[in-house]
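Overview (structure and organization)
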Amino acid sequence: MKIGVSGASGQLGKAIVQDLIASHAGHGVIGISRSQGNIQAPAKGRFGDYDQPASLAAAYQDLDAIVLIPSLDVVPGARAKQFVTAIDAAVEAGVKHIVLVSNAGTKDLPAPSMHVDFWVAEQHLIRAAATWTILRMNLYAEVVFREAQMLIDSGALIGLGEESAGFVAREDLAAAVAAVLVSGSHAGAIYDITGPERVTGAQKAAVIAEVTGKPLGFAVVTEDQFRAGMAHAGLPGPVVDLVVQIKKGMVGHAYDIVTGHFELITGRKPRPLRDVIAAAFS
Ligand SMILES: NC(=O)c1ccc[n+]([C@@H]2O[C@H](COP(=O)([O-])OP(=O)(O)OC[C@H]3O[C@@H](n4cnc5c(N)ncnc54)[C@H](OP(=O)(O)O)[C@@H]3O)[C@@H](O)[C@H]2O)c1
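A short tour of the structure in this document, coming up. (Residues numbered from 1 in each chain as written. Predicted model: local features only at pLDDT ≥ 70, side-chain atom pairs only at ≥ 80, totals over all residues. Heavy atoms only, no water.)

Here's the deal with the packing of helix H5 (residues 141-151) against helix H11 (residues 273-281)
Put simply, the test is: For helices, the fitted axis covers only the stretch in contact; all axes are lines through C-alpha atoms, and the angles between them, taken along N-to-C directions, range from 0 to 180 degrees. Going along the chain from the N terminus, every DSSP run of H or I of four or more residues is numbered as a helix, and every run of E of two or more is numbered as a strand. Any angle between 65 and 115 degrees counts as roughly perpendicular, while under 35 counts as roughly parallel, over 145 as roughly antiparallel, and the rest as oblique. Should the near helix be turned anticlockwise from the far one by less than a right angle, the crossing is termed left-handed; should it be turned clockwise, right-handed. Should any heavy atoms of two residues lie within 4.5 Å, those residues are considered in contact. Ten residue types, Ala, Val, Leu, Ile, Met, Phe, Trp, Tyr, Cys and Pro, are classed as nonpolar, four, Asp, Glu, Lys and Arg, as charged, and the remainder, Gly among them, as polar.
With their axes 9 Å apart at the nearest point, H5 and H11 run at an angle of 50° to one another. With respect to H11, the element H5 is oriented oblique. Considering only the axes of H5 and H11, their crossing is right-handed. Side by side, H5 and H11 meet where Ala-141, Glu-142, Val-144, Phe-145 and Ala-148 of the first sit next to Leu-273, Val-276, Ile-277, Ala-280 and Phe-281 of the second. Here the residues of the contact of H5 with H11 sort into nine nonpolar, no polar and one charged.

Printed below as a string of structure tokens:
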């Protein structure tokens, strides 16, 4: 098969390419991004920009399957537009199987919820493509490592209430995507790719404390306090808005999901948060 990986210059895309090459040899892998120079051999690079439809028409030629990864464009509506453009281009190019990386908790919410971008994309894919699969990603376990790095010296992780998520290792998500791409099956399925367990804010802090040997708690703060802290750390407004949305989603059960879909697709268990945190700190 000839398989396209959109976003192949990014962390998830690179992991998908590596998994395709290491675990599913014999396929042609095409990495698609705006920076072809970052596509690692033996994958071949093609230029493709979600914001330039003409570039996608060329990038998606002759592919049997493609995975579309969301960009980091956090402006409300931007990712919906990019995904619709990419889905149309893939259908037009005759790509047989379109795999969409969507987001946990996706539902029909009013803008500016980030969920609406993924909802629009999912609905468009279902309508437009003959053969499709949706993988909704939970929060990356690696994000917890970044959170730990930022906050460990303060003695507490912070949240907007009691939070919970089924954190998934990015490489596990990549393995699930790669397995679906080569499978020639999973058509019409919507999967939630999660880790093996729900982890609360306090449990997350306890895992980090145990791995690092440093005391760490979990504190609930107001939204104003949370925003002020992020602004103080120099994060731009749209990013602060996005993180607040994610934090609220963690309180509102958007990510409080654990399924057996990863094991169903790959035949093995997903990595627990502790393994990812321990490896990242080692
Ligand atoms: N679940 C979570 O916890 C979590 C956390 C962070 C991010 N995410 C989401 O998951 C996505 C993948 O994660 P990641 O870690 O791989 O992020 P990443 O390393 O920042 O990669 C993002 C990819 O998007 C591509 N991209 C950006 N704008 C594009 C455009 N206009 N057209 C085509 N490609 C474009 C980039 O490629 P080029 O710049 O080379 O084109 C890059 O390969 C992110 O973009 C974000 O939407 C999820």
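Right, picking up where we left off after that structure.
Concerning the sheet that holds strand E5 (residues 97-103)
Strand pairing in a sheet relies on backbone hydrogen bonds. The paired strands run either parallel or antiparallel. We apply this condition: The pairing criterion is simple: DSSP has to find at least two bridges between the two strands.
Strand order in this open sheet of seven strands is E3-E2-E1-E4-E5-E6-E9, and the pairing throughout is parallel. The open sheet has two edge strands with one neighbour each: strand E3 (44-47) and strand E9 (189-193). On average, each strand axis in the sheet is inclined to that of its neighbour by 20°, with strand direction left out of account. Here strand E1 (residues 2-6) runs beside strand E2 (residues 28-33); their pairing, made up of five bridges, is parallel. Residue pairing in the sheet places Ile-3 in a bridge with Val-29 of E2. On top of the sheet, helix H3 (residues 78-92) reaches strand E4 (65-68) and E5; it is set at about 170° to E5, its chief contact.

Some points on the packing of aromatic side chains
Selection rule: What counts as a ring pair is set by centres within 6.5 Å for rings of Phe, Tyr and Trp (its six-membered ring), and what kind of pair is set by the plane angle: stacked under 30 degrees, edge-to-face over 60, tilted for all other angles.
Scanning the entire structure with this criterion turns up three aromatic pairs. Counting every residue linked through ring pairs, the aromatic cluster contains Tyr-50, Phe-83 and Phe-118.

So, the side chain of Glu-147
To be explicit about the condition: We define a polar contact as two N or O atoms separated by no more than 3.5 Å, with the added condition that, inside protein, one atom must be a possible hydrogen donor and the other a possible acceptor, whereas residues neighbouring each other in sequence contribute only through side-chain atom pairs.
Inspection of the secondary structure puts Glu-147 in helix H5. Polar contacts involving the side chain of Glu-147 include one to the side chain of Lys-247, which spans 3.1 Å. Residues contacting Glu-147, with those up to four places away along its chain left out, are Leu-157, Ile-158, Lys-204 and Lys-247.

Concerning H5
For the record, the criterion: Accessible area is worked out with a 1.4 Å probe on protein chains only. A residue is then buried under 20% of its type maximum, exposed over 50%, and partly exposed in between.
Among the residues of H5, Ala-141, Glu-142, Val-144, Phe-145, Glu-147 and Ala-148 are the ones counted as buried. Where H5 is buried, its residues meet strand E7 (156-159), helix H6 (170-183), helix H7 (201-212), helix H9 (237-251) and H11.

Quick word on the site of the ligand
What counts is decided by this rule: What makes a residue near a molecule or strand is one non-hydrogen atom of that residue sitting within 4 Å of it. The accessible surface values rely on the Shrake-Rupley method and a 1.4 Å probe; as for residues, cover is taken only from the protein chains in view.
Around the ligand, 24 residues are found, and the nearest of them are Ser-9, Leu-12, Ser-35, Tyr-50 and Pro-70. Note that an oxygen atom of the ligand is positioned 2.8 Å from one of the backbone N or O atoms of Arg-34. In isolation the ligand has 890 Å² of accessible area, and contact with the protein removes 85% of it. Put simply, the parts of the chain that give the shell around the ligand at least two residues each are helix H1 (11-23) and H3. When grouped by side-chain class, the residues that make up the shell around the ligand number nine nonpolar, 10 polar and five charged.

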